[in-house]
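# Descriptive structure summary
In case you want the letters, here they are:
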Amino acid sequence: MFKAVGPVVLPVIHVLDNDQAERNVRVVVGEGAPGCFLINHDFEMERFLPIIAHVRARFPALWLGVNFLAVTGKLAFPALGRLKRDGILVDGYWADDARIDERRSQSDQPEAQDIASAMASSGWTGFYTGGTCFKKQREVLPEHYEYAASLATEYMDAVCTSGVATGHAADNDKIRTFRRGIGEHAMTLASGITPENAHAYMDDVDGFMVATGINRDGDFYNIEPSKLSLLLKLTRDYGARS
């Protein structure tokens, strides 16, 4: 989709207001990242929607994704459909919890199926990456990672997983297990990626959604351009060699 030669780097901006979101998106564009995600880490979805509209108006050609914190696709997809009908195009949606249940069979995934129905009826047709065995959600035993990852491929464009918490790198064994489970399907990783450790994941991960690893030191809300630039260079160099 992104025509990238290495893992796609999609910065994640924890938004505060229009000016802060716009300022960070300008860094994303200036450093040559192919797109970004916005997330409402500190407030409710209703306050987030006008910020999405503002960013889209300022950057009409940008690949723009969103994460509605603590909301599953069952509510997010109708909201994305409403934005689309209002002329506000969101290209991607990332859910912290895609509601995959490794305790059930492939044909018995009622919550994931409800989310799929919500997407189908919403009229929104963008890129969906859903959290599976994801931080701060229901704990999944490591011996079930591979099966959970395999289940998830039926419901999303890219299976997303993470480390144990925001800013914590994922266990390499977990990532390799996920790759076995999803085969050739796309996989995104959404925590703990830094320019220093990204090389450890590049063989298995197709996309990095990264915030704290490229932010200014001690600053949860603002990207450090030099860190983003270095991460982009590392992924391009990897792609050129591989």
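In what follows, the accompanying structure is described.

## Looking at the overall build of the protein chain
Within the protein chain one finds seven helices and eight strands. For a compact globule of 242 residues, the expected C-alpha radius of gyration is about 18 Å, and the protein chain comes in at 17 Å, within 12% of that figure. Referenced to the eigenvectors of the C-alpha coordinate spread, the extents of the protein chain come out at roughly 45 × 45 × 30 Å. Buried positions account for 54% of the 242 residues belonging to the protein chain. The long-range fraction of contacts in the protein chain, counting pairs at least 24 apart against all pairs at least 6 apart in sequence, stands at 72%. Of the roughly 10,800 Å² of accessible surface on the protein chain, 50% is carried by carbon and sulfur atoms.

## Some remarks on the pattern of salt bridges
In this structure the tally under the stated criterion is 16 salt bridges. A salt bridge links R138 to D101; the shortest N-O distance between them is 3.8 Å. One end of the pair, R138, is in the loop between β5 (127-131) and α5 (145-152); the other, D101, is in the loop between β4 (92-95) and α4 (110-122), with 37 residues separating them in the sequence.

## Description of the state of the cysteines
Following the criterion strictly, the structure yields zero disulfides and no others. There is no disulfide at C133, and the cysteine sulfur nearest it, in C160, is 11 Å away. Look at C133 and you get buried, because its relative accessible area is 12%. Since its relative accessible area comes to 0%, C160 is described here as buried.

## Comments concerning the packing of aromatic side chains
Counting across every chain of the model gives 13 aromatic pairs. Ring centres of F37 and W94 lie 5.7 Å apart, and the angle between their planes is 80°; this geometry places the pair in the edge-to-face category. Taken together, the residues F37 in strand β2 (residues 35-39) and W94 in strand β4 connect sequence positions 57 residues apart. You can call F37 buried: its relative accessible area is 0%. Ring plane angle 70° and centroid distance 6.3 Å describe the contact between W94 and F134, whose orientation is recorded as edge-to-face.

## Looking at α4
Between its first and last C-alpha atoms α4 spans 18 Å; for 13 residues at 1.5 Å apiece the expected length is 18 Å, and the two agree. Those residues of α4 that fall on the buried side of the exposure criterion are A112, I115, A118, M119 and S122. Here the buried residues of α4 occupy an arc of 115° about the axis, which is enough to place them on one side. Facing away from the buried surface of α4 by more than 90 degrees, the exposed residues are A120 and S121. Of the residues flanking the end of α4, it is G123, one or two places downstream, whose phi is positive at about 85°.

## Re the nonpolar core
The biggest cluster of nonpolar side chains holds 68 residues, and the ones touching the most others in it are F68 and Y93. Judged by nonpolar contacts, the second largest core, of 14 residues, contains V12, F37, A190 and A211.

## Points about unusual backbone geometry
Despite not being glycine, R99 shows a phi value in the positive range, around 65°. Structurally, R99 can be placed in the loop between β4 and α4. Owing to a relative accessible area of 29%, R99 belongs among the partly exposed residues under this scheme. Not every positive phi belongs to a glycine, and C133 is a case in point at roughly 50°. Inspection of the secondary structure assignment puts C133 in the loop between β5 and α5.

## Describing the side chain of D97
Within the element layout of this structure, D97 appears in the loop between β4 and α4. The buried category is assigned to D97, whose relative accessible area is 16%. If sequence neighbours within four positions are ignored, D97 has contacts with T72, G131 and Q137.

## Some points on the sheet that holds strand β3 (residues 63-67)
If you walk around this closed barrel you meet the eight strands as β1-β2-β3-β4-β5-β6-β7-β8, and the pairing is parallel. Within this sheet the neighbouring strands show an average axis-to-axis angle of 25°, counted without direction. The pairing of β5 with strand β6 (residues 158-161) spans three bridges and is parallel. In the sheet register, G130 faces β6, and the bridge partner there is V159.

## Quick word on the packing of helix α3 (residues 73-85) against α4
Packed helices, taken two at a time, are described by the angle between their axes plus the distance between the axes. At a minimum axis distance of 8 Å, the contact between α3 and α4 shows a crossing angle of 10°. Taken together, the axis directions place α3 and α4 in an arrangement best described as roughly parallel. When α3 is examined against α4, the residues G73, K74, F77, P78, G81 and R85 are found in contact with a partner set consisting of D114, I115, A118, M119 and S122. When its residues are assigned to classes, the contact of α3 with α4 shows five nonpolar, three polar and three charged.

Thresholds, definitions, all that
- Residue indices begin from 1 for each chain and proceed along its sequence in written order.
- Only residues with pLDDT of at least 70 are given local features in this predicted model, and only at 80 or more are side-chain atom pairs given and counted; all residues enter the totals for whole chains, interfaces and linings.
- Calculation of side-chain values draws on the structure's entire complement of heavy atoms; hydrogens and water are dropped beforehand.
- A run of H or I in DSSP becomes a helix once it reaches four residues, and a run of E becomes a strand once it reaches two; helices and strands are each numbered from the N terminus.
- The globule rule used here is 2.2 Å times the number of residues to the 0.38 power, and the radius of gyration it is set against is calculated over C-alpha atoms.
- Whether a residue is buried, partly exposed or exposed follows from its accessible area with a 1.4 Å probe, protein chains only, as a fraction of its type maximum: under 20%, in between, or over 50%, in that order.
- Residues count as neighbours in contact if any of their non-hydrogen atoms are within 4.5 Å of one another.
- For the accessible areas, the method is Shrake-Rupley and the probe is 1.4 Å, while residue cover comes only from the protein chains on display.
- Any carboxyl oxygen of Asp or Glu within 4 Å of a side-chain nitrogen of Lys or Arg constitutes a salt bridge here.
- Any two cysteine sulfur atoms lying within 2.5 Å of each other are counted as a disulfide.
- Two rings from Phe, Tyr or Trp (for Trp, the six-membered ring) form a pair when their centres sit within 6.5 Å of each other. Planes less than 30 degrees apart are called stacked, planes more than 60 degrees apart edge-to-face, and all others tilted.
- Here the expected length of a helix is defined as 1.5 Å per residue gap, with one fewer gap than residues.
- Our arc is simply the arc of the directions from the helix axis toward the C-beta atoms.
- Nonpolar cores were defined as sets of buried Ala, Val, Leu, Ile, Met, Phe, Trp, Tyr and Cys residues, with membership established by side-chain atoms within 4.5 Å.
- By this definition, two strands are paired if DSSP reports at least two bridges between them.
- A fitted line through C-alpha atoms represents every axis, and for helices the fit uses only the stretch in contact; the resulting angles, taken between N-to-C directions, go from 0 to 180 degrees.
- Any angle that is under 35 degrees is reported as roughly parallel, and any over 145 degrees as roughly antiparallel; angles of 65 to 115 degrees are reported as roughly perpendicular and all others as oblique.
- Classes in brief: Ala, Val, Leu, Ile, Met, Phe, Trp, Tyr, Cys and Pro nonpolar; Asp, Glu, Lys and Arg charged; the others, Gly included, polar.

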